[in-house]
Amino acid sequence: MSLNIKKQLGDLKLDVNQELPIENVVALFGPSGCGKSSLLRLITGLDTPDSGRLEYKSASGESLIFFDSSSGVNIPVHQRRIGYMFQEDRLFPHLSVLGNLEYAHKRNQVSTEALTFDDVVDALQLSSLLNRKTVQLSGGEKQRVALARTLLTRPRLLLLDEPLSGLDYDRKREVLPFLEQLPTLFKIPIVYVTHDLDEVSRLTKQILVLSEGKRVAFGATASIISSLTSEQLGIEKQEESSLLDGVISKIDEVFMLAHILVQNREFILPTASTAKPGQSISLLIKARDVGISLSKPTDSSIRNSVECVVTEILEEESTPFAQLNLDMNGASLKSRITRASLKELKLALGQKVFALIKSASFEPRFL
Ligand SMILES: Nc1ncnc2c1ncn2[C@@H]1O[C@H](COP(=O)(O)OP(=O)(O)OP(=O)(O)O)[C@@H](O)[C@H]1O
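Sequence order as written defines the numbering, with residues in each chain counted from 1. Thresholds applied to this predicted model are a pLDDT of at least 70 for local features of residues and 80 or more for the giving and counting of side-chain atom pairs; totals over whole chains, interfaces and linings are not thresholded and use all residues. Think of the side-chain values as coming from all heavy atoms in the structure, minus any hydrogens and water.

1. Some thoughts on the pattern of salt bridges
Next, step 1: Think of a salt bridge as a Lys or Arg side-chain nitrogen and an Asp or Glu carboxyl oxygen that are within 4 Å of each other. Scanning all chains against the criterion turns up 20 salt bridges.
Next, step 2: For Glu240, the salt bridge identified is with Lys237, shortest N-O distance 3.9 Å.
Next, step 3: With its nearest N and O atoms 3.6 Å apart, the salt bridge here joins Glu239 to Lys286. In this pair, Glu239 is assigned in the loop between α9 (230–233) and β12 (241–252) and Lys286 in strand β15 (residues 280–286), connecting sequence segments 47 residues apart.
Next, step 4: In this scheme, a residue with accessible area under 20% of its type's maximum is buried, one over 50% is exposed, and one in between is partly exposed, where area comes from a 1.4 Å probe on protein chains only. Lys286 sits in the partly exposed class, given a relative accessible area of 23%.
Next, step 5: Each of the salt bridges in this network shares a partner with another, and the network as a whole consists of Glu231, Lys237, Glu240, Glu316, Lys334 and Arg336. Strands here mean DSSP runs of E at least two residues long; helices mean DSSP runs of H or I at least four residues long; both are numbered from the N terminus.

2. Details of the sheet that holds strand β16 (residues 290–293)
Next, step 1: Taken in spatial order, the five strands make up an open sheet running β16-β20-β17-β18-β19, and their pairing is antiparallel. Looking along the sheet, the strands with just one partner apiece sit at the ends: β16 and β19 (331–338). With strand direction ignored, the average angle separating the axes of adjacent strands in the sheet is 45°. Two strands pair if DSSP finds at least two bridges between them. Axes, fitted as lines to C-alpha atoms, cover a helix only where it is in contact. Angles between the N-to-C directions of the axes lie from 0 to 180 degrees.

3. Considering helix α1 (residues 36–44)
Next, step 1: All of the buried residues in α1 are Lys36, Leu39, Leu40, Leu42, Ile43 and Thr44.
Next, step 2: Taken from the residues just after α1, Gly45 is the one with a positive phi, measuring 95°.

4. Here's the deal with the side chain of Thr204
Next, step 1: Turning to its location among the elements, Thr204 is positioned in the loop between α7 (197–203) and β10 (206–211).
Next, step 2: Classification of Thr204 as buried rests on a relative accessible area of 4%.
Next, step 3: The term polar contact refers here to a pair of N or O atoms within 3.5 Å; inside protein, the definition further demands a hydrogen-donor-capable atom paired with an acceptor-capable atom, and it admits residues adjacent in sequence only when both atoms are side-chain atoms. Engagement of the side chain of Thr204 in a polar contact is seen with the backbone oxygen of Val200, the distance being 2.9 Å.
Next, step 4: A polar contact is formed between the side chain of Thr204 and the side chain of Thr221, at a distance of 3.2 Å.

5. What about the site of the ligand?
Next, step 1: A single heavy atom is enough: if one lies within 4 Å of a molecule or strand, its residue is considered near that molecule or strand. Surveying the vicinity of the ligand reveals 14 residues, the closest of which are Ser32, Gly33, Lys36, Ser37 and Ser38.
Next, step 2: Residue Ser32 places a side-chain N or O atom 2.5 Å away from an oxygen atom belonging to the ligand.
Next, step 3: At 3.0 Å, a side-chain N or O of Glu162 approaches an oxygen atom of the ligand.
Next, step 4: Relative to its free-state accessible area of 640 Å², the ligand is covered by the protein chains to the extent of 57%.
Next, step 5: The greatest single-element share of the shell around the ligand, amounting to three residues, is contributed by α1. Per-residue and other accessible areas were derived by the Shrake-Rupley procedure at a 1.4 Å probe size, with only the shown protein chains allowed to occlude residues.

6. Thoughts on the environment of Ile313
Next, step 1: Its place among the elements puts Ile313 in strand β17 (residues 304–315).
Next, step 2: Along the sequence, Ile313 and Gln323 sit 10 residues apart, while their C-alpha atoms lie 6.0 Å from each other.
Next, step 3: Whether two residues touch is decided by their heavy atoms; if any such pair falls within 4.5 Å, the residues are in contact. Once you skip the residues sitting within four places of it in the chain, Ile313 turns out to touch Gln323, Leu324, Leu342, Leu347, Ala348 and Leu349.

This is how it looks when you write it as C-alpha cells:
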C-alpha cells in the first residue's frame, strides 16, 4: 500500500508518507494517542484525509487508488472491501453467533474459494458456539466470532485494531494462536495495530512505528525492535527488548526445553508440546533479563550464556542503570545492568562478554 496522507485531528497532525508492502502481517505500532486508529479509519474510508494519496497494491499486482486529493478520487467504504475489526467486538447482541456470521456472509458479494463459511467456522473453532447468544460468550470467544464475521465479508485487506487489548492474559493466550494461523490459512494481508511487543513478535514480520502522528521507522520487525530505543518505540525503559529470529534445533522432552539456534548461538527455552524441530521462532528478550559475565559460567543455573561483543554503552546518569548494546554474531542484543556492575566489570567497547539469560525469563507460551 502506498500511504501519503495528512489529517488534522484536534491537536494531532497526522502526516504519514510510507510505502507499505503488505505481505502477511504488518504491525502498526506506537504509544496511545499517536494516531494508529485514526490512520486505519482513513484507510477504510470511514474518515477522509485533508490531503494526499492512498493507493492499495496487493502482492498479486492488483492496484486501486482509494483516495487522491489532487484528482478528487475518494472511493466509498464498501468498494474498498476492507475488513476492520475494532478493539471491542461490536457483535449484534440480539443475534446468535450463527446470526452474526450469516449477516456478514449474506451481505458479501465476492466469492472466493479460499474462504468458505465452513472454513472460517472451522478455523476459528466456532461450530459448538453457533447457537449461543453473543452475551453468553467469553471475551476470547467474542473476539473469535468478531474475527470470523470480519473474514466472512471477504476483505482484500484486514485491519485489526488492538484485537487483544480488552482481554486478560488467559483469553489472549486463547486467541493468539488463531491470529497466528490467519495469514497462511486465508492469505489475506493484515495490518495489525498494537502497542504490545509480545504480539508484535509473535504475529508480524514488518513494523511501521508511529509517534505523534508521524512515521518513526519502518522495516523488519526483529531489526526495528532490536535497534530502536524505548523512546523511539514509545515504550517504558523497562520494556526495551531485543527480538531474535531463530530455528528450533532440538526438543528435550524429558526436561521440556527447546534448543534454538540464533546466528549459530544456542538458546534453551521452556517449551510447549506443539514445538517441533525445524520450526522458526522469534525470541523476545527483555534487556532487563540479560546479565553479563566476563567468562562462560560453568557452575551456574543459568542455561543461556552466549558470546557477544560490546558495541555501545549508554549510562543513564539519573538512574542506577546502564544499557549495553551487544553484537551476537551479527544479531543485536540489549542488556540492562546497573552502573555499579558496569564499573566493577570494567566493561569497554569491543570487549568480548557472555550474555546470560535465565530460561525461566521466557514464558512457555512462546513456543
Ligand atoms: N475526529 C477527531 N477529532 C479530534 N481529535 C481526534 C479525532 N480523532 C482522533 N483524534 C485525536 O487524535 C489522537 C490520535 O487518536 P487515535 O485514536 O488515532 O490514537 P491511537 O494511536 O489509536 O491510540 P490508542 O492506542 O489509545 O487507541 C488522539 O489525541 C485523539 O484524541
